[in-house]
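Chain by chain, the residues run as shown.
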Amino acid sequence: MTRYKLTVAYDGAKFHGFQRQPKLRTVQGVLEKALFKMTKGKQIDVFGSGRTDAGVHALGQVIHFDYPGNIPADSMLKAINSLMPLDVLVKDSEMVDETFHARFGVKRKTYQYRVDCGKYTDPFKRFYTGHYPYKIDLKRIESALVDLKGTHDFSSFAASGGVIENKVRTIYEASVKYNASQNELVFEFTGNGFLYNMVRILVATLLEIGNGRRDVHDLLRLYEVKDRQQARGTAPASGLYLKQVFY
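Here we summarise the structure given alongside this text. Since the model is a prediction, treat every value here as computed from it, not as a measurement.

1. A closer look at the overall build of the chain
And step 1. Along the backbone of the chain there are six helices and ten strands.
And step 2. Rg of the C-alpha trace for the chain: 19 Å, near the compact-globule value of 18 Å for 247 residues, within the 12% margin.
And step 3. Seen along its three principal axes, the alpha-carbon backbone of the chain occupies a region of about 60 × 40 × 30 Å.
And step 4. Within the chain, the fraction of its 247 residues that count as buried is 50%.
And step 5. Expressed as a percentage of contacts within the chain between residues at least 6 apart in sequence, the contacts between residues at least 24 apart total 71%.
And step 6. Accessible surface, the chain as shown: approximately 12,600 Å² in total, 52% of it carbon and sulfur.

Here you go:
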């Protein structure tokens, strides 16, 4: 058996998330179906760096699997891409030793979130951005992002349904830029881990800060209260992208 590490990009609009689910189209399911064909009927389990929800996209999801045989990495790339639907692209393939694990070896991840600032919902962006048509003061958000960096208890930013009890995470980098040509805000967050819906809840909170509905330093209060209800909103899945995974 040979272990392969693949970097995968996908448009999540027509997927029910990454994780395999019976009778539903998922990214893991599509990859495993391709490997089933390549091995002429052998079940190959695919392991991802983490789950993405329905509608969430990836620019650099990382997976691994053990494959019977010893196909060169570039041949594996060509073979599996020939079986991918148009909304999935395997960007890179490499052979790794058996100690590599796509999930347990992760050191940090970068997520991107795109917000369309147009007055009305753009039909051509509705599956690829969140939408916030209200006034935004970018400097307020930039000030709030300073409070995001570091190690904090993110209990207020974890959706119900998550099974992880320890809500402490470290954010190494957090930024926002305005893309004038697209009239979009582009957030990026790099951390050692992210809780269920954490990025989407953070974005919703930061947009309220930018709009003046919250104090600039309200993140500091939310760390202390550890109350999901006080963070309130969750930005749509459509604007979220898993950008890069680091090992």
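There is more to say, and it comes next.
2. Some details on the side chain of T110
And step 1. Among the structural elements, T110 can be located in strand β5 (residues 108-116).
And step 2. Reaching out from T110, the side chain makes a polar contact with the side chain of T190 at a distance of 2.6 Å.
And step 3. When neighbours within four sequence positions are excluded, T110 is seen to be in contact with E188, F189, T190, Y241, L242, K243, Q244 and F246.

3. Some points on the nonpolar core
And step 1. Among the nonpolar cores identified, the biggest contains 67 residues, and F65, L148, F157, F187 and F189 are the most heavily contacted of them.
And step 2. In terms of residues, this core owes the most to one element, helix α4 (residues 198-211), which gives eight residues.
And step 3. Beyond its immediate stretch of four places on either side in the chain, L148 contacts F154, I171, A174, F189, L202, L219 and Y223.

4. With respect to the environment of T234
And step 1. Residue position: T234 is located in the loop between α6 (228-231) and β10 (240-246).
And step 2. Contacts of T234, omitting those with residues within four sequence positions, involve N197, R200, I201, A204 and R228.
And step 3. Within polar-contact distance, the side chain of T234 engages the side chain of R228 at 2.8 Å.

5. Regarding the layout of surface pockets
And step 1. The volume enclosed by the largest pocket comes to roughly 1,300 Å³.
And step 2. If you list the elements that add at least two residues to the lining of the largest pocket, you get β2 (47-48), β5 and α4.
And step 3. In terms of residue class, the lining of the largest pocket is built from 18 nonpolar, 16 polar and ten charged.

6. Observations concerning helix α2 (residues 73-81)
And step 1. All of the buried residues in α2 are A73, M76 and I80. Burial along α2 is one-sided: seen end-on, the buried residues are contained in an arc of 55 degrees.
And step 2. Lining the buried residues of α2 we find β1 (2-10), α1 (27-38), β3 (57-67) and β4 (88-96).

7. Structural notes on the packing of helix α3 (residues 138-148) against α4
And step 1. Interhelical geometry of α3 versus α4 gives an angle of 135 degrees and a closest axis separation of 8 Å. The orientation of α3 relative to α4 falls into the category oblique. As α3 packs across α4, the resulting crossing turns out to be right-handed. For the pair α3 and α4, the contacting residues are R140, I141, A144, L145 and L148 in the first and L202, L206, I209 and G210 in the second.
And step 2. Considering only residue class, the contact of α3 with α4 consists of seven nonpolar, one polar and one charged.

8. A word on the packing of aromatic side chains
Two descriptors summarise a pair of aromatic rings, namely the distance from one centre to the other and the angle between the planes of the rings.
And step 1. Applying the stated criterion across every chain yields a total of eleven aromatic pairs.
And step 2. With a centroid separation of 5.1 Å and an interplanar angle of 80 degrees, the aromatic rings of Y111 and F194 are classed as edge-to-face. Within this pair, whereas Y111 is found in strand β5, its partner F194 is found in the loop between β9 (184-191) and α4, the two being separated by 83 residues in sequence.
And step 3. Accessibility expressed as a relative area gives 9% for Y111, which makes it buried.
And step 4. A residue is classified by how much of its surface remains accessible, and F194, at 17% relative accessible area, is buried.
And step 5. Each residue in the set Y4, F65 and Y67 is aromatic and connected to the rest through ring pairs, giving one cluster.
And step 6. Taking the ring centre of Y134 as reference, the NZ or CZ of R213 above it sits at 4.9 Å.

9. What about the pattern of salt bridges?
And step 1. Taken as a whole and assessed by the stated rule, the structure comprises 15 salt bridges.
And step 2. Through salt bridges with shared partners, one network takes in E208, R214, D218, R221 and R232.

10. Details of the pairing of β10
And step 1. In this sheet, β10 lies alongside β3 in parallel orientation, the contact comprising two bridges. Bridged to H57 within β10 is Y241.

Reading the values: the criteria
- Residues numbered from 1 in each chain as written.
- Predicted model: local features only at pLDDT ≥ 70, side-chain atom pairs only at ≥ 80, totals over all residues.
- Heavy atoms only, no water.
- Helix = DSSP H or I, 4+ residues; strand = E, 2+ residues; numbered from the N terminus.
- Rg over C-alpha atoms; globule rule 2.2 N^0.38 Å.
- Buried < 20%, exposed > 50% of the residue type's maximum accessible area, 1.4 Å probe, protein only.
- Contact = heavy atoms within 4.5 Å.
- Areas by Shrake-Rupley, 256 points an atom, 1.4 Å probe, with all protein chains shown as cover.
- Polar contact = N/O pair within 3.5 Å; in protein donor to acceptor, adjacent residues only side chain to side chain.
- Core = buried A, V, L, I, M, F, W, Y, C linked by side-chain atoms within 4.5 Å.
- 1 Å grid on protein atoms, 1.4 Å probe; cavity = no way out; pocket = protein on both sides within 12 Å on 5 of 7 lines; lining within 4 Å.
- Points joined across faces, edges and corners; volume = space filled by probe spheres on them.
- Nonpolar A, V, L, I, M, F, W, Y, C, P; charged D, E, K, R; others polar.
- Arc of directions from axis to C-beta.
- Axes fitted to C-alpha atoms, helices over the stretch in contact; angles between N-to-C directions.
- Parallel < 35°, antiparallel > 145°, perpendicular 65-115°, else oblique.
- Left-handed = near helix turned anticlockwise from the far one by under 90°.
- Phe/Tyr/Trp six-rings, centres within 6.5 Å; stacked < 30°, edge-to-face > 60°.
- Lys NZ or Arg CZ within 6 Å of the ring centre and 35° of its normal.
- Salt bridge = Lys/Arg side-chain N within 4 Å of Asp/Glu carboxyl O.
- Pairing = 2+ DSSP bridges.

By themselves these figures say nothing about function.
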